[in-house]
Amino acid sequence: MCTRVVYLGDDVMTARSMDWKSDIGTNLWTLPRNVARNGAAGANSIEWTSKYGSVVASGYDISTTDGVNEKGLVTNLLWLVESEYPKIKKGTQPQLSITLWAQYVLDNYATVAETVAALEKVPFIVVTSQVPGEDRLATLHLSISDATGDSAIIEYINGEQVIHHDRSYQVMTNSPTFDQQIALNCYWKQIGGTTMLPGTNRAADRFVRASFYVNAIPQHATTAHTLASVFGVIRNVSVPFGLNTEEEPNISSTRWRTVIQHKQGRYFFESAVSPNVFWVDLAEIDFGDGITRKLDLGADQSNIYAGKVNASFVETKPFTFMSVA
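A few points on the structure.

**Observations concerning the environment of Thr-200**
Turning to its location among the elements, Thr-200 is positioned in the loop between α3 (178–191) and α4 (203–216). For the pair Thr-200 and Val-237, spaced 37 residues apart in sequence, the C-alpha separation works out to 9.1 Å.

Pasting the structure below:
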């Protein structure tokens with residue numbers, strides 16, 4: 001469920017698809033800097049004050065699932081069924097609700113390298129909880145990318161944080177774990193994408209197709225043409241709306257897609273049930289005014305917007321990140 005791709009050409013762009021079997025209640029939010037937060041994980045929650053403002057896509061309006069901060073750092077949360085988070089020991093290290101994992105990074109860091117250096121010290125442990133309305137735990141991994149094109153993938157495997165950090169890690173999907181995804185992709189590279197590519201909606205197949213196409217599209221083009229190419233890649237690995245497979249729970253409909261231009265500071269959004277692509281220009285947002293604003297996308301993200309939508313955001317009380325305490 002979901003694919004994330006980083007394009008490395010004259011521009012740097014990160015694209016992702018959000019695949020989910022039902023409406024995930026997504027809206028867009030602008031979140032100011034200098035906001036005090038805590039990890040929403042009980043008495044031992046980590047606390048911080050946001051250094052940077054951000055534009056984010058929410059999940060159920062209780063979590064940040066996708067976003068970019070004012071320094072061009074991007075975070076994306078995707079499903080990984082193999083995730084296993086640390087066992088909680090009372091009175092030990094600080095804890096962070098999984099609903100704030102992506103937001104913590106956006107609030108605190110400007111680059112991937114800075115993020116990795118901080119997280120390698122394990123300043124907190126991630127604590128998960130049930131998916132709203134479902135009888136299963138949220139099992140997620142986190143991707144990070146920045147304006148230089150650097151990338152990192154963070155997973156919790158067997159209760160331990162695992163960080164994969166390299167500019168070449170342009171693609172992330174779902175199962176299996178990232179190290180196995182890389183191994184599978186090496187096999188397909190030997191065959192060659194112009195000879196044959198796996199065509200199913202399975203995560204491993206989407207990984208291979210995205211890896212091939214993101215490097216096959218032109219690396220030197222106008223910004224408009226590059227944006228069209230990157231949207232083409234993320235649409236290629238999307239799942240038709242309405243397709244949900246009971247025997248393959250990791251295959252669900254693509255609900256929406258985003259493309260982020262790191263250097264230009266533009267956040268593009270495309271709903272599967274809307275005819276238009278629209279965007280937010282971060283350069284025109286005053287992240288120091290202390291105001292939270294919301295763009296209401298409606299059920300199934302079906303509200304119709306077009307072009308630049310900064311003026312359509314409405315001052316709103318911040319959403320509450322779901323506590324796992």
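Additional details are given in the paragraphs that follow.
**As for the sheet that holds strand β16 (residues 266–271)**
Pairing within the open sheet is mixed, and its seven strands lie in the order β14-β1-β2-β15-β16-β17-β19. Each having just a single partner strand, β14 (171–172) and β19 (307–308) make up the two edges of the open sheet. One ladder, built from two bridges, connects strand β1 (residues 3–8) with β14; its direction is antiparallel. The residue bridging Val-5 from the neighbouring strand is Val-171, located in β14. Along the sheet face, α4 touches β1, β2 (12–19) and β14 and points at about 15 degrees away from the line of β1. Packing of helix α5 (residues 223–236) onto the sheet brings it into contact with β1, β2, β15 (254–261), β16 and β17 (277–281), and relative to β2 it is tilted by some 30 degrees.

**Notes on the side chain of Arg-255**
Secondary-structure assignment places Arg-255 in strand β15. According to the relative accessible area criterion, Arg-255 is buried, its value standing at 7%.

**Topic: the packing of aromatic side chains**
As enumerated under the stated definition, the model contains 15 aromatic pairs in all. With 5.5 Å between their ring centres and 40 degrees between their planes, Phe-268 and Trp-279 make a pair best called tilted. Taken together, the positions of Phe-268 in strand β16 and Trp-279 in strand β17 put the pair eleven residues apart, joining distant regions of the chain. Residue class for Trp-279 comes out partly exposed when judged on its relative accessible area of 28%. An aromatic cluster of three or more residues is present, and its members are Trp-48, Tyr-104, Tyr-109 and Phe-124.

**Describing the side chain of Ser-50**
Looking at where Ser-50 falls in the secondary structure, it is placed in the loop between β5 (47–49) and β6 (54–59). Of the polar contacts made by the side chain of Ser-50, one reaches the backbone nitrogen of Val-35; its length is 2.9 Å. When near neighbours in sequence (up to four residues on either side) are disregarded, Ser-50 contacts Pro-32, Arg-33, Asn-34, Val-35 and Asp-107.

**What about the pairing of strand β8 (residues 74–79)?**
Most of β8 is tucked away: six of the six residues are buried. Residues Val-74, Asn-76 and Leu-78 line one face of β8 and the alternating positions Thr-75, Leu-77 and Trp-79 line the opposite face, and both faces are buried. Here strand β7 (residues 63–69) pairs with β8 via three bridges, running antiparallel. Each residue of the ladder has a partner; that of Asp-66, found in β8, is Asn-76. A loop of four residues connects β7 with β8, the two strands running antiparallel in sequence, and Gly-72 in this loop sits at a positive phi of about 85 degrees. As paired strands, β8 and strand β11 (residues 140–145) are joined by six bridges and run antiparallel to one another. Residue Leu-77 lies in a different strand from β11, and its bridge partner there is Leu-142.

**Side note on unusual backbone geometry**
Put simply, Ser-175 and Pro-176 share a cis peptide bond, and its omega is 0 degrees. Within the secondary structure, Pro-176 sits in the loop between β14 and α3. The backbone phi angle of Gln-301 is positive, close to 55 degrees, even though this residue is not glycine. Turning to its location among the elements, Gln-301 is positioned in the loop between β18 (293–295) and β19.

**Digging into the environment of Gly-159**
Assignment of secondary structure puts Gly-159 in the loop between β12 (151–157) and β13 (160–165). We classify Gly-159 as buried; its relative accessible area is 14%. Sequence-wise, Gly-159 and Ile-304 are 145 residues apart; in three dimensions their C-alpha atoms are separated by 43 Å. If we ignore the near neighbours within four places in the chain, the residues touching Gly-159 are Glu-84, Tyr-85 and Pro-86.

What counts, and at which threshold
Residues numbered from 1 in each chain as written. Predicted model: local features only at pLDDT ≥ 70, side-chain atom pairs only at ≥ 80, totals over all residues. Heavy atoms only, no water. Helix = DSSP H or I, 4+ residues; strand = E, 2+ residues; numbered from the N terminus. Pairing = 2+ DSSP bridges. Contact = heavy atoms within 4.5 Å. Axes fitted to C-alpha atoms, helices over the stretch in contact; angles between N-to-C directions. Buried < 20%, exposed > 50% of the residue type's maximum accessible area, 1.4 Å probe, protein only. Phe/Tyr/Trp six-rings, centres within 6.5 Å; stacked < 30°, edge-to-face > 60°. Polar contact = N/O pair within 3.5 Å; in protein donor to acceptor, adjacent residues only side chain to side chain.

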